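Summary of structural features
For reference, the chains in residue letters:
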Amino acid sequence: MKSYLPNDIKDENRKIIFDILLHHPELAKVEITEKTAMSFVTVSKIVNYFTEIGILKETGESREGMGGLGRKRTVYKFNENSYVTIGLEIIGQAVTGLLVNLKNQVIACRTFHTDLPFYHEDFARIFNEIVAVMEEEAKQSSSVVLGIGIGVAGAINTRSKTIRMKTVEDQEEDFHFEEIVERLKDSVSYPILLENDVNASTVAEFRSLEAFDEMPPDLIHISFGEGIGAGLILNKQLHRGFNSRAGELEYLCFDEDFKKTPTSVGWLEGKLGFSAIVKAFDLSNPQESEACQEYLAKKVALVITNIISVLDVDRIIISGKTMDLFSDDLLDRIRKYVGQYMDWDPTISFSAAEHMSALGAGILSLQREMGKVISAEKAAGGEKHA
């Protein structure tokens, strides 16, 4: 049987109350006690701590006791903007920065432009400028910035500590991501979390469903763009795989004679990648556009069918540059072919949100850094709210 140290129990109690406050943002201490198995003294200590570091603040209101009897109860309000993270996504020459608060909401959004790729040494310069702007945004909401999450298009291998990215010459190359992160850390005071862009956006899609009380236990998010990748949520957890490369669908192959070369893309990317599609079809021609939709619908449905056959996941979200070429008619065709290929009826939808990679990266950073704040004796960075 696992034993727990007193600090472990204290941290777990703080996390429980923090989760309660996320869903019930205005409560008195007694009301929090009623929602837990903790003593009033324990709850009171945690509420006092959360008030000290700015997560809670007294509203100035009070409530009567049960049946109008007893002492009045001070009401505390959850301050969702007390702590934030900066979420970044890099798409082509555009870098989008978001401030993500404790309720996973975006409270500021700025877009920047640079011709420097993420792996370039001089990218640190634009990175510093972005962070400075987002810090100013955080000041407007009196928020403490805890960390930075970056969603980047690249296959991250945690065993080799590399990230495979396309270079400006449109070739794939492995870069040591620890060197990149350390270079960025040299000029900022925040911890940096690096995540594959599709994984990050999958986390954001999952949390968005949670906001509408639709959170499924499992989710597959497939992105068809310049590259092709999938993010997997299994049992409400992001599944990264042995090398953190789960979902690298560009290498999915249905041709036994195909041979990958150092300069070629994976088989599926060569069939469904954005560049391959616009090269193969003249989309300004109605007949070609119609043929392209049929082609995409069959191939995408084939991918979905094979993934579902292995993982038995019901919720599928599709996004990406290739899908953006067409309307919901393409989605209807995909559903039709999935129904033709298998006897299951999964829920398949397009993603309607923007900047999900930046949002997901911010959420992942927030999860990691708030765990430190909740368990620490003072707020991260030594800052506290009055």
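Presented here is an overview of the structure given in this document. (Residues numbered from 1 in each chain as written. Predicted model: local features only at pLDDT ≥ 70, side-chain atom pairs only at ≥ 80, totals over all residues. Heavy atoms only, no water.)

**Description of the sheet that holds strand E16 (residues 347-350)**
Hydrogen bonds between backbone groups are what pair the strands of a sheet, and the pairing can be parallel or antiparallel. So the rule is basically this: In short, DSSP must find at least two bridges between two strands for them to pair. Numbering of helices and strands runs from the N terminus; a helix is a DSSP stretch of H or I covering at least four residues, while a strand is a stretch of E covering at least two. Geometry is summarised by axes, namely lines fitted to C-alpha atoms with helices restricted to the contacting stretch, and by angles between N-to-C directions that run from 0 to 180 degrees. Contact between two residues is taken to exist if any of their heavy atoms lie within 4.5 Å; hydrogens are not considered.
What the five strands build is an open sheet, ordered E14-E13-E12-E15-E16; its pairing is mixed. Of all the strands in the sheet, just strand E14 (237-239) and E16 have a single pairing partner and so form its edges. Strand-to-strand, the axes of this sheet are offset by a mean angle of 20°, without reference to chain direction. Strand direction decides the pairing type here: strand E12 (residues 219-224) and strand E13 (residues 228-234), joined by six bridges, are antiparallel. Bridging from a neighbouring strand, Ile222 pairs with Ala230 of E13. Running over the sheet, helix H6 (residues 197-211) touches E12, E13, E14 and strand E15 (315-319) and is turned about 45° from E13. Against the sheet, helix H9 (residues 286-311) contacts E12, E13, E15 and E16, and its axis sits at roughly 155° relative to E12.

**As for the sheet that holds strand E10 (residues 172-176)**
Taken in spatial order, the three strands of this open sheet run E8-E9-E10, and their pairing is antiparallel. In the strand order of this sheet, the two ends are held by strand E8 (155-157) and E10, each with one partner. Taken pair by pair, the neighbouring strands of this sheet meet at an average axis angle of 25°, ignoring direction. Examined bridge by bridge, E8 and strand E9 (residues 162-166) share three bridges and lie antiparallel to one another.

**Overview of the packing of aromatic side chains**
Rules: In this scheme Phe, Tyr and Trp rings, the latter by its six-membered ring, pair at centre separations within 6.5 Å, and the angle between planes marks the pair as stacked below 30 degrees, edge-to-face above 60, and tilted otherwise. Look at NZ for Lys and CZ for Arg. If either is within 6 Å of the ring centre and within 35 degrees of the ring normal, a charge sits over the ring.
Throughout the structure, instances matching the rule amount to eight aromatic pairs. Taken together, a centroid distance of 5.7 Å and an interplanar angle of 70° make the contact between Phe18 and Phe78 edge-to-face. Residue Phe18 is found in helix H1 (residues 6-23), and its partner Phe78 is found in strand E3 (residues 73-78); the two are separated by 60 residues along the sequence. One aromatic cluster in this structure is built from Phe18, Tyr49, Phe50 and Phe78. Lying over the aromatic face of Tyr49, Arg14 brings its terminal NZ or CZ to 3.8 Å of the ring centre. Lying over the aromatic face of Phe274, Lys321 brings its terminal NZ or CZ to 4.3 Å of the ring centre.

**Considerations on a nonpolar patch on the surface**
Applicable threshold: Distance thresholds for patches are 9 Å for like charges and 5 Å for nonpolar side chains (Val, Leu, Ile, Met, Phe, Trp, Tyr), applied to residues having over 30% relative accessible area and no salt bridge. Surface exposure here means Shrake-Rupley accessible area, sampled with a 1.4 Å probe, where a residue is shielded only by the protein chains that are shown. The salt bridge definition used is simple: a Lys or Arg side-chain nitrogen within 4 Å of an Asp or Glu carboxyl oxygen.
Taken together, the side chains of Phe254, Leu302 and Tyr341 present a nonpolar region at the surface, about 230 Å² in accessible area. Within the fold, Leu302 resides in helix H9.

**What about the pairing of E12?**
What counts is decided by this rule: Note on classification: 1.4 Å probe, protein chains only; a residue is buried when its accessible area is under 20% of the maximum for its type, exposed when over 50%, partly exposed between these limits.
In terms of burial, E12 is a largely internal element, six of the six residues being buried. Here E12 shows no split at all, with Leu219, His221 and Ser223 on one side and Ile220, Ile222 and Phe224 on the other all buried. Count of turn residues in the E12/E13 antiparallel hairpin: three residues. Pairing of E12 with E15 involves four bridges; the strand directions are parallel. The residue bridging Ser223 from the neighbouring strand is Ser319, located in E15.

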